[in-house]
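Listed below are the residues making up each chain.
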Amino acid sequence: MCGFYAAFIALTVLGPCGFLEGAIPAFSPKTSSTVMDSTKAAFSIPSIIAIIAAILSFFTGAILGMILAGIAIVMGLLGFVLSLSPRTRGGIISVLGIFAGVIGVIAAVVKAIMWVTG
């Protein structure tokens, strides 16, 4: 039974070829250099702008709040489309920016109604 566990551990740690998995980088004969994917997924700028614009839309007046909420919605949509790439993160942040932008539009309309009637 111990031999089974030793073989299992050897296969999971060393891999089926007996080498450490990932220890030897892939070799590309076309470029004669190692191929390593060192790019890390980053948040897209539009998703960050969407969240910032949505938050700022709550702290401004009706007109500027409506403009910032519109920017949040547009940038959220753009950020969501860009987040479909494997190199870009921010899909959830973009969706939150879109929802916060919609709520910002509603808040701006309420502020405008209060300003007109008040």
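Basis of the calculations
- Residues numbered from 1 in each chain as written.
- Predicted model: local features only at pLDDT ≥ 70, side-chain atom pairs only at ≥ 80, totals over all residues.
- Heavy atoms only, no water.
- Helix = DSSP H or I, 4+ residues; strand = E, 2+ residues; numbered from the N terminus.
- Buried < 20%, exposed > 50% of the residue type's maximum accessible area, 1.4 Å probe, protein only.
- Core = buried A, V, L, I, M, F, W, Y, C linked by side-chain atoms within 4.5 Å.
- Contact = heavy atoms within 4.5 Å.
- Axes fitted to C-alpha atoms, helices over the stretch in contact; angles between N-to-C directions.
- Parallel < 35°, antiparallel > 145°, perpendicular 65-115°, else oblique.
- Left-handed = near helix turned anticlockwise from the far one by under 90°.
- Nonpolar A, V, L, I, M, F, W, Y, C, P; charged D, E, K, R; others polar.

Asker: Explain the environment of I92 here, please?
Answerer: Within the secondary structure, I92 is located in helix α4 (residues 91-117). Exposure remark for I92: the relative accessible area of 68% places this residue in the exposed category. Residues I92 and G79, spaced 13 residues apart in sequence, show a C-alpha to C-alpha distance of 9.5 Å.

Asker: Explanation requested: the nonpolar core in the structure shown.
Answerer: Proteins that are soluble and globular tend to have nonpolar side chains buried together. Among the nonpolar cores identified, the biggest contains 5 residues, and these are A53, A54, L68, A72 and A100. Put simply, the parts of the chain that give this core at least two residues each are α2 (45-57) and α3 (62-82). Dropping the residues within four chain positions of it, A100 is found in contact with A54 and F58.

Asker: I'm lost on the environment of L82 in this one. Help?
Answerer: Looking at the element boundaries, L82 is found in helix α3. Its relative accessible area of 37% is what places L82 among the partly exposed residues. Considering only alpha carbons, one finds L82 and S94, 12 residues apart in sequence, at a separation of 9.6 Å. With near-sequence residues (within four places) excluded, L82 lies in contact with S44, P46 and T88.

Asker: Explain the side chain of S47 here, please?
Answerer: Mapping S47 onto the fold places it in helix α2. On the basis of relative accessibility, which here comes to 0%, the residue S47 falls in the buried class. Discounting residues that sit within four places of it in the chain, S47 has contacts with M75, G79, G90, I93 and S94.

Asker: What is the right way to look at the packing of α3 against α4 in this model?
Answerer: For any two helices packed against each other, one specifies the crossing angle of their axes together with the interaxial distance. Look at α3 against α4: their axes get within 8 Å of each other, and the N-to-C directions meet at 160°. When the interaxial angle is binned, α3 and α4 end up roughly antiparallel. Classified by chirality, the crossing of α4 by α3 is left-handed. Grouping the constituent residues of the contact of α3 with α4 by class yields 14 nonpolar, 8 polar and 1 charged.

Everything listed here is a matter of geometry and, on its own, says nothing about what the molecule does.
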